[in-house]
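Topology and contacts: notes
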Amino acid sequence: MNWDAADEAAGPDRAADAFADRLVAAAADGDDQAVEAALRPRDLGEFVGQERVREQLGLVLQAARKRGGTADHVLLSGAPGLGKTTLSMIIAAEMGVPIRITSGPAIQHAGDLASILSSLTEGEVLFLDEIHRMSRPAEEMLYMAMEDFRVDVIVGKGPGATAIPLELPPFTLVGATTRAGLLPPPLRDRFGFTGHMEFYAPAELERVIHRSAGLLDVTIDPAGAAEIAGRSRGTPRIANRLLRRVRDYAQVRADGVVDRATAAAALEVYEVDARGLDRLDRAVLHALLSLFGGGPVGLSTLAVAVGEERETVEEVAEPFLVREGLLARTPRGRVATAAAWAHLGLVPPQAIGGQGAGNGPGQTGLFGP
């Protein structure tokens, strides 16, 4: 049995909260949520990046306002920290209606969803984060609510149970997911607009950092913003978190002004390198290169080498390393790329029997050296 393949097919959200306190984690903790409330843009004009999604969504909302009706249901997909929650709040603000916020894991029974839906007012926005983690009975109830603005409430049990139809006021559902592929087609098809959130370019992150610096009363120059943006993994939430840590360093160990040198020194203290890798990322790469000659090596073996659970390595460290082109997943195991050797300043072993650097230390070709 291929244990690596079995592990990839198992529970997709097992390590969702692992290492959530990492400085470069895309998930938001309590402190992030409090600060983000003050830093979030209030309308589409203030929202930085996601040009295509912003233009398309602007047309949807403007058309709905001209018709005097509610906006179509919206599905936003993409990695954590890219602005899905912010866009849901902007949708409510642009339409001039209140917003109700909940999440898929919080809705475990159809009755939970029925309670929320029955309390909505006309035109209200219901933001459902991590919608792919909602229970199946609630999901099936949502089909009718989205399409017909009606739910059937079951009263009683067994043969005597009856379904009482409950009419709902028109509302707009905004669903957010980090795993769009896990949504069943009947649910996906009921969204009138689907937008995929892309990772941000460094120039866009610099604009995010300058805007946040102004709101936080931080003096920062363009070179300092560029230094932070380059280490932010293409994610505004990480950029804002790094900005706050650099601000702390500048206030304690510098003159309070964030320039390139101050930003670089601060992030070195917090172990975030020039490409945005932190201690865990570099530990995985270092083990792969130094202990296993660049691979291939199995996930379980690699996890033992760095002293972490295999789920942590697979779901916390690997996605960014793969996206950066530093690590590859192959049928034989994990393999480091040439960029990984260069990033850590290591020299790959000489090719053996034409096999390259993938045989591992102490291994020889089939017919000897």
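The structure we're discussing is the one just above.
Throughout this document, residue positions are counted from 1 along each chain, in the order its sequence is written. Residue-level local features of this predicted model are given only where pLDDT is at least 70; pairs of side-chain atoms are given and counted only at 80 or more, and the full residue set underlies all totals for whole chains, interfaces and linings. Heavy atoms from the whole structure form the basis of all side-chain values; hydrogens and water molecules are not counted.

1. Some remarks on the overall build of the chain
Quick note on the threshold: Strands are runs of DSSP state E lasting at least two residues, helices are runs of H or I lasting at least four, and both sets are numbered from the N terminus onward. A contact between two residues is defined here by any heavy atoms of the two lying within 4.5 Å. Each accessible area is a Shrake-Rupley estimate made with a 1.4 Å probe; only the visible protein chains count as cover when residues are assessed.
Counting its secondary structure elements, the chain contains 15 helices and 11 strands. Long-range contacts, defined here as pairs at least 24 residues apart, represent 71% of the contacts in the chain between residues at least 6 apart. Summed over all atoms, the accessible surface of the chain reaches about 17400 Å², with 54% contributed by carbon and sulfur.

2. Some points on unusual backbone geometry
Here is the rule we go by: The buried label goes to any residue with under 20% of its type's maximum accessible area, the exposed label to any with over 50%, and the partly exposed label to all in between, with areas taken from a 1.4 Å probe on protein chains only.
In this structure, Gln50 is a non-glycine residue whose phi angle is positive, near 55°. Checked against the element boundaries, Gln50 lands in the loop between helix H2 (30-39) and helix H3 (51-67). Looking at Gln50, the relative accessible area reads 8%, which means it is buried. One non-glycine residue, Phe149, adopts positive backbone phi at about 50°. Note on placement: Phe149 falls in the loop between helix H6 (136-148) and strand E4 (150-155). Exposure remark for Phe149: the relative accessible area of 21% places this residue in the partly exposed category.

3. Section: the pattern of salt bridges
Stated formally: Here a salt bridge means any side-chain nitrogen of Lys or Arg lying within 4 Å of a carboxyl oxygen belonging to Asp or Glu.
Tallied over the full model, the rule gives 16 salt bridges. We note a salt bridge from Asp273 to Arg282, for which the minimum N-O separation is 3.7 Å. The class for Asp273 is buried, based on a relative accessible area of 15%. The residue Glu318 makes a salt bridge to Arg329 at a minimum N-O spacing of 2.8 Å.

4. Here we look at the packing of aromatic side chains
What counts, and what does not: Between 30 and 60 degrees the pair is tilted, below 30 it is stacked and above 60 it is edge-to-face, where a pair is any two Phe, Tyr or Trp rings, Trp via its six-membered ring, whose centres lie within 6.5 Å. Here, a charge over a ring is recorded when the distance from Lys NZ or Arg CZ to the ring centre is within 6 Å and its angle to the ring normal is within 35 degrees.
If you walk through the whole model with that rule in mind, you get one aromatic pair. Positioned over the ring face of Phe320 is Arg233, at 3.9 Å from the centre of the ring. The ring of Phe199 is capped by Arg323, whose NZ or CZ atom sits 3.6 Å from the centre of that ring.

5. Quick look at the pairing of strand E10 (residues 327-330)
Just so we agree on the cut-off: DSSP bridges decide pairing: two strands pair if at least two such bridges lie between them.
Where E10 lies against strand E11 (residues 333-336), four bridges are found, and the strand directions are antiparallel. Directly across from Arg329, in E11, lies its bridge partner Arg334. Once E10 ends, the chain turns through two residues before running back antiparallel as E11.

6. Concerning the nonpolar core
The nonpolar side chains of a soluble globular protein tend to be buried, and buried together. Using the following cut-off: Residue types Ala, Val, Leu, Ile, Met, Phe, Trp, Tyr and Cys, when buried and joined through side-chain atoms within 4.5 Å, form a set referred to as a nonpolar core.
In terms of nonpolar packing, the biggest core is built from 46 residues, with Leu87, Ile209, Ile220, Ile228 and Val258 touching the most fellow members. The biggest single contributor to this core is helix H10 (residues 236-253), with seven residues. Excluding its chain neighbours within four sequence positions, the residues that come into contact with Ile220 are Ile209, His210, Ala213, Ala225, Ile228, Leu243 and Val258. Counting 24 residues, the second largest nonpolar core, distinct from the first, contains Leu117, Leu120, Ala145 and Phe171.

7. Focus on the packing of helix H8 (residues 202-215) against H10
Quick note on the threshold: Lines fitted to C-alpha atoms define the axes here, with helix axes fitted over just the stretch in contact, and angles between the N-to-C directions of these axes take values from 0 to 180 degrees. An angle counts as roughly parallel when it lies under 35 degrees, as roughly antiparallel when it exceeds 145, as roughly perpendicular when it falls between 65 and 115, and as oblique in every other case. Each crossing gets its hand from how the near helix is turned against the far one by less than a right angle, where anticlockwise is left-handed and clockwise is right-handed. Any residue that is not Ala, Val, Leu, Ile, Met, Phe, Trp, Tyr, Cys, Pro, Asp, Glu, Lys or Arg is counted as polar, Gly included; the first ten are nonpolar and the last four charged.
At a minimum axis separation of 10 Å, H8 and H10 run at an interaxial angle of 45°. With respect to H10, the element H8 is oriented oblique. Considering how the two elements wind past one another, H8 and H10 form a crossing that is right-handed. Only Pro236, Ala239, Asn240 and Leu243 of H10 make contact with H8, whose side of the interface consists of Leu205, Val208, Ile209, Ser212 and Ala213. For the contact of H8 with H10, the per-class residue count stands at seven nonpolar, two polar and no charged.

8. A short note on H6
Residue pairs spaced three or four apart in an α-helix point in one direction, given the helix's 3.6 residues per turn. Note the cut-off: A helix is expected to span 1.5 Å for every residue after the first.
Compared with the 18 Å implied by 1.5 Å per residue over 13 residues, the 19 Å span of H6 between its first and last C-alpha is a close match. Ala138, Glu139, Met141, Leu142, Tyr143, Ala145 and Met146 are the residues of H6 that are buried. Just beyond H6, the residue with positive phi is Phe149, at close to 50°.

9. Section: the environment of Arg54
For clarity, the threshold we go by: Counting of polar contacts relies on pairs of N or O atoms within 3.5 Å, with two restrictions inside protein: one atom must be capable of donating a hydrogen and the other of accepting it, and residues adjacent in sequence are counted only when both atoms are side-chain atoms.
Within the secondary structure, Arg54 sits in helix H3. Taking the C-alpha atoms as reference points, Arg54 and Leu87, 33 residues apart in sequence, are found 8.8 Å from one another. Beyond its immediate sequence surroundings of up to four residues, Arg54 is in contact with Leu44, Gly45, Phe47 and Gly49. Within the structure, Arg54 has its side chain in polar contact with the backbone oxygen of Phe47 (distance 2.7 Å). Here Glu51 takes part through its side chain, which lies 2.4 Å from a polar atom of the side chain of Arg54.

10. Section: helix H4 (residues 84-95)
Counted at 1.5 Å a residue, the expected span for H4 with its 12 residues is 16 Å, and the 17 Å between its end C-alpha atoms agrees. The buried fraction of H4 amounts to nine of the 12 residues, a majority that puts the element mostly inside the structure. Every buried residue belonging to H4 is among Lys84, Thr85, Thr86, Leu87, Ser88, Ile90, Ile91, Ala92 and Met95, and all of these are buried. Buried residues belonging to H4 abut H3, strand E1 (74-77), strand E2 (99-103), strand E3 (125-129) and strand E6 (172-177). Phi for Gly96, located one or two positions after H4, is positive at around 70°.

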